[in-house]
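# Understanding the architecture of this molecule
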Amino acid sequence: MSKLCLGLGIALSSATWANNYPSGPINMVVPFAAGGPTDNVARALGEAMRNELGQTVIIENRGGAGGTLGTSQIARAKPDGNNILLMHIGFSTAPSLYKNPGYDALEGMQPIGLVVDVPMTIIARSDFPPNTIEELVEYMKANKDSISLANAGIGAASHLCSTMLLNALGVDILTVPYNGTAPAMADLMGKQVDVLCDQTTNTTQHINGGSVKAYAVTSPTRVATLPNLPTMQEAGFDNFEVGIWHGMWAPKGTPEDVTKTLNKALQAGLKDPKFQERMAALGATVLIDDATPEALQAKVAQQVPQWAELFKQSGIEAQ
């Protein structure tokens, strides 16, 4: 009888705890520097989720190692829903780029749902000679030994896009990795490097402001906020399409009731008019229909082997 009472007590205590969740602020880890494209999405989403949760969502930037440091921090965190992760497509590329990324992409995390899909833009310093994507392709092929291609670090979205671009062009160009998107963009605008491929959530304001020269987007159709930019398909690259999807995770073992609460808050946040307006202005597509654990898990399972094959073809080995 005492064992039964003890068991019931533990069950009731757990249920009460789950029903009271969240009882305080929630920490959302962004595994990249503040001010970058993923950080922009996270801050807008955290604000949009607050009404549903009844608690503040605090953004913690934990950059480094292509996003694996912040991601592995959540993988090791207590599974109580008080610490969650907002990460992009790099979640599924890290197993091929790092021998020990610090987490199991397929089995080591609890998916909450997909968030947004963001196209990439191919841009250059404002005084770069080519004026169209066709001219850029020819210029890069003809001047491959004197061009620098910036990225925000191994595993960053800009690195993935750059890898696809070089693979499509069939050339080897000097790549310059930075510790984050902000310094890469700063050096591009300062004309210290030549070309960058990065998310519209980071480049749109600079393109519209004229501080960089833009050539194309990587989405299948043109982006409403950048209507004059052609797609890569329009430039003759039929298989060049990359969208930087973002997802939300919790530590593995997070209680089902807590997972459901987080998912409900995520879906409410994605439907928030202010969030949708902000994402539309940045060229991002809000993935309301795919904001489920099942959709996110399926996306990761599909993309892990796809990126592994691309890196193999490009000669990129895990660090």
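For the structure, check the block above.
In what follows, the accompanying structure is described.

So, how was this worked out
Residues numbered from 1 in each chain as written. Predicted model: local features only at pLDDT ≥ 70, side-chain atom pairs only at ≥ 80, totals over all residues. Heavy atoms only, no water. Buried < 20%, exposed > 50% of the residue type's maximum accessible area, 1.4 Å probe, protein only. Helix = DSSP H or I, 4+ residues; strand = E, 2+ residues; numbered from the N terminus. Pairing = 2+ DSSP bridges. Salt bridge = Lys/Arg side-chain N within 4 Å of Asp/Glu carboxyl O. Disulfide = S-S within 2.5 Å. Right-handed = clockwise from strand over helix to strand, strands pointing away. Axes fitted to C-alpha atoms, helices over the stretch in contact; angles between N-to-C directions. Contact = heavy atoms within 4.5 Å. Nonpolar A, V, L, I, M, F, W, Y, C, P; charged D, E, K, R; others polar. Parallel < 35°, antiparallel > 145°, perpendicular 65-115°, else oblique. Left-handed = near helix turned anticlockwise from the far one by under 90°. Core = buried A, V, L, I, M, F, W, Y, C linked by side-chain atoms within 4.5 Å.

## As for the pairing of strand E4 (residues 109-125)
Among the 17 residues of E4, 15 are classified as buried, and the element is accordingly described as predominantly covered. The pairing of E4 with strand E9 (residues 243-251) spans 8 bridges and is classified as antiparallel. Considered in E9, the bridge of Met109 is made with Pro251. As defined by bridge partners, E4 adjoins strand E10 (residues 285-286) across 2 bridges and the pair is classed as antiparallel.

## Structural notes on the pattern of salt bridges
Applying the stated criterion to the full structure yields 8 salt bridges. Among the ionic pairs, Glu52 bridges to Lys264, the shortest N-O distance being 3.7 Å. On the criterion of sequence distance, the pair formed by Glu52 in helix H2 (residues 37-53) and Lys264 in helix H9 (residues 256-271) is long-range, its members being 212 residues apart. A relative accessible area of 35% places Glu52 in the partly exposed class. For Lys264, a relative accessible area of 54% translates into the label exposed. A salt bridge links Asp127 to Lys191; its shortest N-O distance comes to 4.0 Å. Taken together, the residues span a long stretch of sequence, with Asp127 in the loop between E4 and helix H5 (133-142) and Lys191 in the loop between helix H7 (181-189) and strand E7 (195-199) at a distance of 64 residues.

## Topic: the state of the cysteines
Inspection of every chain in the model, using the stated rule, returns 1 disulfide. Across the disulfide from Cys161 sits Cys197; the S-S distance is 1.8 Å. Its S-S torsion of about 50 degrees marks the bond between Cys161 and Cys197 as right-handed, since a negative value means left-handed. Taken together, the residues span a long stretch of sequence, with Cys161 in helix H6 (residues 157-169) and Cys197 in strand E7 at a distance of 36 residues. Considered together, Cys161 and Cys197 belong to a single accessibility category, that of buried residues.

## A word on the pairing of strand E2 (residues 57-61)
Pairing analysis gives 5 bridges linking strand E1 (residues 26-30) to E2, with the strands arranged parallel. Looking at E2, one finds that Val30 is bridged to Asn61. Handedness of the crossover joining E1 and E2 through H2: right-handed.

## Observations regarding the packing of H9 against helix H10 (residues 273-281)
Close contact between H9 and H10 brings their axes to 5 Å; oriented N to C, the two are set at 65 degrees. Of H10, the residues touching H9 (which contributes Gly269, Leu270 and Lys271) are Pro273, Phe275 and Gln276. Taken together, the residues of the contact of H9 with H10 break down into 3 nonpolar, 2 polar and 1 charged.

## A few points about the packing of H2 against H10
The geometry of H2 relative to H10 is characterised by a closest axis approach of 9 Å and an angle of 165 degrees between their N-to-C directions. The pairing of H2 with H10 is recorded here as roughly antiparallel in orientation. When the axes of H2 and H10 are compared, the crossing they make is left-handed. Side by side, H2 and H10 meet where Val41, Ala44, Leu45 and Ala48 of the first sit next to Phe275, Arg278 and Met279 of the second.

## Regarding the nonpolar core
Among the nonpolar cores identified, the biggest contains 52 residues, and Phe91 and Trp249 are the most heavily contacted of them. Ranked by size, the runner-up nonpolar core spans 31 residues in total, among them Ala42, Leu86, Val116 and Leu270.

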